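# Chains, contacts and geometry: an overview
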Amino acid sequence: MADRLGTRRGTRHAVVIGGSIAGLLAARVLAEHAERVTVVERDRFPGEPEHRAGVPQGRHTHVLLEGGQLALEQLLPGVMAELRDQGAPRLGMPEDMVQWQGGRWFRRTASTSYLYTGARPRLEHLLRRRVLADPRIGTVEGADAVGLLGDATRVRGVLVRERGAGGEPRPLEADLVVDASGRGSQAPQWLSAIGAEPAHEETIETGLAYATGVYRDGSDGALADCLGYYIVPNASQTYGGGALPIEDGRFLVTLSGLRGDEPPTDGDAFVEYAKRLPHPIVHDWLTRAHPESTVRSFRRTANVRRRYDRPGRRPAGFLATGDALCTFNPIYGQGMAVAAMSAVALRDALADPRRTPTTLRVQRALCRASARAWDISAGSDRTMPGAVGNALAAGPLDRPAAWYLERVQERYTGDPVVGRAFRSVLTLTKPLSALFAPRVARAVLFSPVPPTPAEPPLRAERTTEATDTDAPEGGTG
């Protein structure tokens, strides 16, 4: 590995800060290039699929988008079939969901995209078991990374302190350090402390807050034949809510609102808050449901992108990935998928036979892996009332793009052709250019806005537009 990531020696030891999904998958990739990999994790890993304090949003609704499914399967073949065997629900879009967005109900035509909606701890436990079975990968648990070793030219490891023990931190030397510590990353302070330059941060924050509880369906299918419900907020209707299945016949119900009108955590008030949604169907579902947990809130929902891909006085041997690099408003459900796609980008950059994988080159590959999700999340949040941040300004191409995308969104709830293309972009399986394919562009530019259901579609349409065989399953997603 001569000259890789700025070192002339072979990479004998790599350290990954953070043992969540992004960190585990980065360790999986690095094990193919380093003699050993150490994952430093603030928590102690549970032996079962349990919640961890270090994943504060772990009790809330998570979806695994198709782009993430495909990436996981590349990294850990067979993992999606194993996840399905463990009971993770798989929802077809739009057929399996009663969904409202932008003043319109979606037609429930045949599904062209599929989501996994199981509880996050189960997926994380599965990945942890698969990754840590590799003898090249070790862990330091119950410890905080508190600084970097090295200087502004090169990072040579991390400082680690056992949690709750106090005292001086101990050095953990390494040839490569990967920050996968999440949205609360302390890397800007660590870099400053060794004389390096922190990355410029781009931010967009809407003030969105959400709350989630676990429920068991009490409607007995009387409301609809769907698997889930979802009301999507936008600039003109800022309340959101949904009920999505997890394992063992339970549902996670999430309600959201903006600053000053956040959803409550009292159970009865939480159900009452659902009346703010533009249709009572989620409230009706909740009044029949049986609560199985307390309601918990989460408010750290800003979009933050750290521009490590831009030039600056930063050391060789240091990379950032996952939420430590780019974190999104969780309402768009992109985080787990981007973590997996970033690990694939890391793998490809390190294995590229045409180019020496210097620190900056590999970091730019990681940034590109999150760029599409950033464009979706940040682009949507820019339009929300009260949004703040230094990345709100629109570029010269944003106005015509916004005009075209508005026409797309008017049509994708009711036009299966536009809907299929737009879902492929939203689920991170296709680039934005998919929306400009000739058949899609004709529908967007020249077709009238198609009719959509006036009321929630309680029964799926029986069409032949797509079939279940169109969707990835098992070995491919």
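As a reminder, the structure under discussion sits directly above these lines.
## Thoughts on the sheet that holds strand β20 (residues 318–320)
Strand order in this open sheet of five strands is β7-β2-β1-β11-β20, and the pairing throughout is parallel. Two strands in the sheet have a free side with no partner beyond their single neighbour: β7 (137–141) and β20. For this sheet the average axis-to-axis angle between neighbouring strands, irrespective of direction, equals 20°.

## Considerations on the environment of D348
You can see D348 is positioned in helix α8 (residues 335–351). Sequence spacing of D348 and A365 is 17 residues, and the spatial spacing of their C-alpha atoms is 8.7 Å.

## Observations regarding the sheet that holds strand β9 (residues 155–162)
Reading across the sheet, the three strands line up as β8-β9-β10 and stay open at both edges, with antiparallel pairing between neighbours. Every other strand in the sheet has two partners, leaving β8 (143–150) and β10 (170–173) as the edge strands with one partner each. Neighbour to neighbour, the strand axes of the sheet diverge by 35° on average, direction disregarded.

## Considerations on a positive patch on the surface
The grouping of R420, K430, R439 and R442 at the surface amounts to a positive patch. Counting through the fold element by element, K430 comes out in the loop between α11 (416–426) and α12 (438–446). Assessed through its relative accessible area of 43%, K430 is described here as partly exposed.

## Quick look at the packing of aromatic side chains
This model, assessed by the stated rule, comprises eight aromatic pairs. Taking 5.0 Å as the distance between ring centres and 85° as the angle between the ring planes, the aromatic pair formed by F106 and Y412 counts as edge-to-face. Taken together, the residues F106 in the loop between β5 (104–105) and β6 (113–116) and Y412 in helix α10 (residues 398–412) connect sequence positions 306 residues apart. Of the two residues, F106 and Y412, neither departs from the other in class, the shared state being buried. Three or more aromatic residues joined by ring pairs make a cluster, and in this case those are F106, Y412 and F422. Directly above the ring of Y114 sits R90, whose terminal nitrogen or CZ lies 4.0 Å from the centroid.

What counts and how
Residues numbered from 1 in each chain as written. Predicted model: local features only at pLDDT ≥ 70, side-chain atom pairs only at ≥ 80, totals over all residues. Heavy atoms only, no water. Pairing = 2+ DSSP bridges. Helix = DSSP H or I, 4+ residues; strand = E, 2+ residues; numbered from the N terminus. Axes fitted to C-alpha atoms, helices over the stretch in contact; angles between N-to-C directions. Patch = residues over 30% accessible without salt bridge, like charges linked within 9 Å, V, L, I, M, F, W, Y side chains within 5 Å. Areas by Shrake-Rupley, 256 points an atom, 1.4 Å probe, with all protein chains shown as cover. Salt bridge = Lys/Arg side-chain N within 4 Å of Asp/Glu carboxyl O. Lys, Arg positive; Asp, Glu negative; His and termini not counted. Charge placed at Lys NZ, Arg CZ, Asp CG, Glu CD. Buried < 20%, exposed > 50% of the residue type's maximum accessible area, 1.4 Å probe, protein only. Phe/Tyr/Trp six-rings, centres within 6.5 Å; stacked < 30°, edge-to-face > 60°. Lys NZ or Arg CZ within 6 Å of the ring centre and 35° of its normal.

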